[in-house]
Amino acid sequence: MAEKKIPLYKPYDQPAGGWGAAAATAKVLLEQSVVTKGSRALLAMNQHGGFKCPSCAFPDADCTKKLEFCENGVKALAFEATKFRVDREFFATHSVSKLMEQSDYWLEMQGRLTEPMRYDAQSDHYVPCSWNDAFELIGKHLRELSSPHHAEFYTSGRTPNEAAFLYSIFVREFGTNNFPDCSNMCHEPTSRGLPPSIGIGKGTVVLEDFEHADAIFVIGQNTGTNSPRMMTNLVEARRRGIPIVAVNPMPERALIKFTEPQDFLQMATFGSMAISSEFVHIKIGGDLALIKGMMKVIFERQAMGEKILDEAFIAEHTVGIDAIREEVMSHDWKDLVRVSGISEAQIRKCAEIYIQSRATVICYGMGITQHQEGSRLVQQIANLLFLKGNFGRPGAGISPIRGHSNVQGDRTVGIDEKPSQAYLDRVRDAFGFEPPREHGHHTLETIEAMMAGTAKVFIGMGGNFVRAVPDTERSYDAMRKLDLTVGIATKLNRGHLVHGREALILPVVSRSERIITALGEQFVTIEDSMSNVSPSRGVLNAPSEHCMPEVEIVCQMAMATLPDSNTPWESYIDNYDLIRDKIAQVYPEIYSNFSERIQDIRGFHLDVPPRRRVWNTPNGKANFLLLPGLEVNDVVDDPTMLRLATVRSHDQFNTTIYSNNDRYRGVYNDRMVLFMNAEDRIARGLDPQAKVALETISDDGIKRRVDGLTILDYPMPRGAVAGYYPELNPLLPLEYYDKISGTPAAKSIPVRTIAL
Ligand SMILES: Nc1nc2c(c(=O)[nH]1)N[C@H]1C(S)=C(S)[C@@H](COP(=O)(O)OP(=O)(O)OC[C@H]3O[C@@H](n4cnc5c(=O)[nH]c(N)nc54)[C@H](O)[C@@H]3O)O[C@H]1N2
Ligand SMILES: Nc1nc2c(c(=O)[nH]1)N[C@H]1C(S)=C(S)[C@@H](COP(=O)(O)OP(=O)(O)OC[C@H]3O[C@@H](n4cnc5c(=O)[nH]c(N)nc54)[C@H](O)[C@@H]3O)O[C@H]1N2
Ligand SMILES: [Mo]
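Bear in mind the structure is a predicted one, so any value in this text is a computation, not a measurement.

Undergrad: What is the right way to look at the site of ligand 2 in this model?
TA: Among the 30 residues in the neighbourhood of ligand 2, the closest are listed as Tyr154, Ser156, Ala468, Thr655 and Tyr725. Arg648 is positioned with one of its side-chain polar atoms (N or O) 3.2 Å from a nitrogen atom of ligand 2. In isolation ligand 2 exposes 920 Å². Once the protein is present, 97% of that is buried. Residue classes in the shell around ligand 2 are distributed as 12 nonpolar, 13 polar and 5 charged.

Below, the structure is given as structure tokens:
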């Protein structure tokens, strides 16, 4: 078994991409025994008339040019199309307690779920159950609750628009806005931070902007692993000779040197390309100081008479620059350098690149959002862009690189625990029921409600809630207090094993598979990270005739729960156009004539007003918003403290572990590693590859510790360490999060090592 292989640590000195990626692609298809099936499906992935890649949310380019997929897209597809099955024999063989002893990797490798299963407490096994019985059980539990607010309805971002929209309607008709979702742990700082700043919680950039940009910044995002298709844009940008600035505590391989696996000439000649013209080796949480340092340079030089600021833009479109200038100028270089870990010279160089660029795109990922001030940090990126009018022009704008393939779409169509009153009015008018007006729970509030015992039912539309959330032990305990847990999923995961008194696992038809209803084949729609909505039509057969499309599962849950509902649930099961007509009715501004417009198989772009310099903020302006000081996390006064960033390896999709390797970081057959600067190791008297435990530094009296980590010398900044999510989630306190968005600060956990 792969897990027993001996760990190997071998620095990776090749370019990222290239033959390594090609080999990995072939290997994964072989391992899942889907070479023919998988290759056939790949021909349809991201092609017009085919299905959207189930991996990340980065848009696909003009797919008439070439095959549009990447190594990690192939992994996502191969693991979805796998020939392995988790069927009734599997559950009869393995008790839940025994399954709990297996790793996440092992669980993932067992394959696709094939029929509905119900937990049987007496035998501690999941046993087969009919779809009817499953829906009846859900309906019974929900109807018996003394308040609808005692149920929690989670969504993960693979769920397509049609299912997510109906789910949001079902839950609101049921009577609550309890919509925890994966976004609450991810780009929520974008969704909550940007609206007061630019009037919309989305990025403003489209793919063509990469072609017109004069400079691209990639801050806190591991492009080569987590949105590999974006490498094509970065490669093209470098070919044009424009600067690319990567800001990261880890020198992520693909951001340094890359070979495009689909560039046949470069592949044949073993060529490669330097990606970043400037690598900024930032301290964890040092980005605010870097941004303020860059702004200081700009303000200083403007004051000396240079024309750097876009004064016309600032005067006409923005409010608040004076307070920002004053605060920024109050920081001296010593502090800016100390907190960022970047020399004054390099900060000045970054500023120079920004100043020289006529149009700048700033991309960012979890390295920005997952801090205690994640939301306000996102606002500082917007501030920096305002200075040179980098909105509403070709080649310019802010570009949050989203995670799940439809996480942005799910929010657009109603997965929102804090819906606006205007939106709720439109739901009322479209469906004829009065939706609940009070805000519901996000992910962390859901766990609080579980701990308090007020939450009774948890329904997970995809995802792996307990494994993705912080404070693993406490969250497991909270989950186990529930009366009913429901996992609507493609694959078995930990979330199904840490369950309530009663539990269901419901298998779905996945993105790459056909959805056939009484009215024929249906398609779904997806919104990518750049607000493009396009149709997705699966080409494979579902692993079993008992898998059900997510839309139908939502409708059946609604019918079982709301017998007196006037919503025509049954009609939606067969005809997805009817759902799209309702989406058009609830979102007339962006989704008018949805059914008609989506006939164009290339899809369409949802309006993003800041692209037109229209700001839907309360004052109608773009707002400079102040985050005082230089710190984005509480300062911990403890000389032994290290800041831990929990990150993804190259071979995982969130809690789904494809293998125990992380090729670009030179780690094989092991995930229990801790990347550390060698001097920090030596300062702690530890040998190379010493085994340590990590302990969280906190004053809440709760002991959080993970044992058995191997220290790897790695070019981390001093005081910063990194390791893998979800293995290190037990170290992340539930109370350690961004107050505006509720997003856990998973990139900056204060920890100390304990020698073993
Ligand atoms: N193959 C694959 N693709 C994925 C995913 C996956 O797991 N696998 N997950 C999807 C999801 S849901 C998401 S949200 C995205 C996540 O994609 P990313 O945003 O790339 O997420 P991470 O790997 O968690 O880490 C991001 C980077 O932040 C850096 N970092 C850590 N702390 C800091 C800091 O303080 N400052 C800066 N500047 N950088 C910092 C880390 O070194 C790392 O390179 O990818 C999506 N795509
Ligand atoms: N410490 C730490 N914690 C983190 C993060 C971090 O960087 N560090 N990142 C956070 C982020 S950015 C995110 S987005 C969350 C992720 O949290 P989740 O979205 O909850 O987790 P995933 O691992 O993506 O969920 C995988 C499961 O989804 C199911 N699934 C896959 N495809 C489908 C489908 O098409 N339909 C349905 N119904 N189910 C499907 C499968 O059963 C699979 O096991 O984790 C967060 N947690
Ligand atoms: Mo995410």
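Undergrad: Before we go on, may I ask you to explain the pattern of salt bridges in this structure?
TA: Opposite charge on two side chains allows them to pair when their charged atoms are near. Under the defined criterion, the tally for this structure stands at 57 salt bridges. The partner of Asp425 in a salt bridge is Arg428, with the nearest N and O atoms 3.5 Å apart. Note that Asp425 and Arg428 are positioned in helix α23 (residues 421-431) at a spacing of 3 residues, about one turn of the helix. Take Asp425: its relative accessible area is 26%, and that puts it in the partly exposed class. A relative accessible area of 29% places Arg428 in the partly exposed class. Arg580 serves as the salt-bridge partner of Asp577, at 3.2 Å between the closest nitrogen and oxygen. One end of the pair, Asp577, and the other, Arg580, are both in helix α30 (residues 576-586), 3 residues apart, so they sit about a helical turn from each other. In this structure Asp577 comes out as partly exposed when scored by relative accessible area, which is 28%. Under the relative-accessibility criterion, Arg580 is labelled buried at 1%.

Undergrad: Even after reading the chapter, I still don't get the nonpolar core, so can you show me in this structure?
TA: Across soluble globular proteins, you tend to see nonpolar side chains buried next to one another. Counting residues in each nonpolar core, the largest one holds 67 residues, and the members touching the most others are Ile138, Leu142, Phe165, Tyr167, Phe170, Ile459 and Tyr591. Looking at this core, the element that brings in the most residues is helix α8 (residues 161-174), giving 9 residues. Not counting the four nearest positions on each side in its chain, Tyr167 is found in contact with Phe153, Tyr154, Thr155, Phe179, Ile415, Ile459, Met461, Val554 and Met557. Ile308, Ile314, Ile381 and Leu387 belong to the second largest nonpolar core, which has 56 residues in total.

Undergrad: Can you help me understand unusual backbone geometry in this one?
TA: Both trends apply: most residues other than glycine have a negative phi, and most peptide bonds are in trans. Here Tyr725 and Pro726 are connected by a cis peptide whose omega angle stands at 5 degrees. In this fold, Pro726 is placed in the loop between β32 (720-724) and β33 (749-755). The phi dihedral of Asp471 falls on the positive side, at around 50 degrees, and the residue is not glycine. You can see Asp471 is positioned in the loop between α25 (465-468) and α26 (472-480). A positive phi angle is found at Arg613, which is not glycine, with a value near 60 degrees. Counting through the fold element by element, Arg613 comes out in the loop between β23 (604-605) and β24 (622-623).

Undergrad: Please clarify how the site of ligand 1 should be interpreted in this entry.
TA: The environment of ligand 1 is made up of 31 residues, and the closest members are Asn248, Glu252, Gly285, Asp287 and Gln652. Gln652 is positioned such that a nitrogen or oxygen atom in its backbone is 2.6 Å from a nitrogen atom of ligand 1. Relative to its unbound accessible surface of 920 Å², ligand 1 loses 99% to contact with the protein. For the shell around ligand 1, the elements supplying multiple residues, two or more each, are α11 (223-226), α20 (366-369), β25 (642-647) and β26 (652-653). Split by residue class, the shell around ligand 1 holds 12 nonpolar, 15 polar and 4 charged. Two domains each put at least three residues into the shell around ligand 1: domain 3 (188-405) and domain 4 (642-755).

Undergrad: What am I meant to see in the packing of aromatic side chains here?
TA: Aromatic rings considered in pairs are described by the distance between their centres and by the relative angle of their planes. Within this structure, the stated rule accounts for 32 aromatic pairs. Ring centres 4.8 Å apart and planes at 45 degrees place the aromatic pair Phe458 and Phe465 in the tilted group. An aromatic cluster is defined as three or more aromatic residues linked by ring pairs; in this entry it consists of Phe153, Tyr167, Phe170, Phe174, Trp569 and Tyr572. Seen from the ring of Phe431, Lys582 lies directly overhead, with NZ or CZ sitting 4.9 Å from the centre. We note Arg597 situated over the ring of Phe604; from NZ or CZ to the ring centre the distance is 4.1 Å.

Undergrad: Where do I start with the side chain of Thr360 in this structure?
TA: With respect to the helices, strands and loops of the structure, Thr360 is situated in strand β14 (residues 360-364). Ignoring anything within four residues of it in the chain, the contact list for Thr360 reads Ala215, Phe217, Tyr354, Leu385, Asn390, Gly395, Ala396 and Gly397.

Undergrad: Just checking my understanding: could you explain the sheet that holds strand β22 (residues 532-536) for this structure?
TA: Sheets are built from strands that pair by backbone hydrogen bonding, the pairs being arranged parallel or antiparallel. Taken together, 3 strands build an open sheet; the order of strands is β21-β22-β23 and the sheet is antiparallel. A strand with exactly one partner marks an edge of an open sheet, and here the two such strands are β21 (524-527) and β23. By the bridge criterion, 4 bridges tie β21 to β22 in an arrangement that is antiparallel. Residue pairing across strands places Ile526 opposite Ser534, the latter belonging to β22.

Undergrad: What should I look at first to understand the domain arrangement of the chain in this one?
TA: Often the size quoted for an interface is simply the accessible area lost on bringing the parts together. Partitioning the chain into domains gives domain 1 (11-81), domain 2 (85-180 + 413-604), domain 3 (188-405) and domain 4 (642-755). Between domain 2 and domain 4, the C-alpha centre-to-centre distance is 31 Å. Tallying the contact residues gives 17 residues for domain 2 and 22 residues for domain 4. The interface formed by domain 2 and domain 4 contains 2 salt bridges.

Thresholds, definitions, all that
Residues numbered from 1 in each chain as written. Chains lettered and ligands numbered in written order. Predicted model: local features only at pLDDT ≥ 70, side-chain atom pairs only at ≥ 80, totals over all residues. Heavy atoms only, no water. Near = heavy atom within 4 Å. Polar contact = N/O pair within 3.5 Å; in protein donor to acceptor, adjacent residues only side chain to side chain. Areas by Shrake-Rupley, 256 points an atom, 1.4 Å probe, with all protein chains shown as cover. Nonpolar A, V, L, I, M, F, W, Y, C, P; charged D, E, K, R; others polar. Salt bridge = Lys/Arg side-chain N within 4 Å of Asp/Glu carboxyl O. Helix = DSSP H or I, 4+ residues; strand = E, 2+ residues; numbered from the N terminus. Buried < 20%, exposed > 50% of the residue type's maximum accessible area, 1.4 Å probe, protein only. Core = buried A, V, L, I, M, F, W, Y, C linked by side-chain atoms within 4.5 Å. Contact = heavy atoms within 4.5 Å. Domains from an automatic or database assignment. Phe/Tyr/Trp six-rings, centres within 6.5 Å; stacked < 30°, edge-to-face > 60°. Lys NZ or Arg CZ within 6 Å of the ring centre and 35° of its normal. Pairing = 2+ DSSP bridges.

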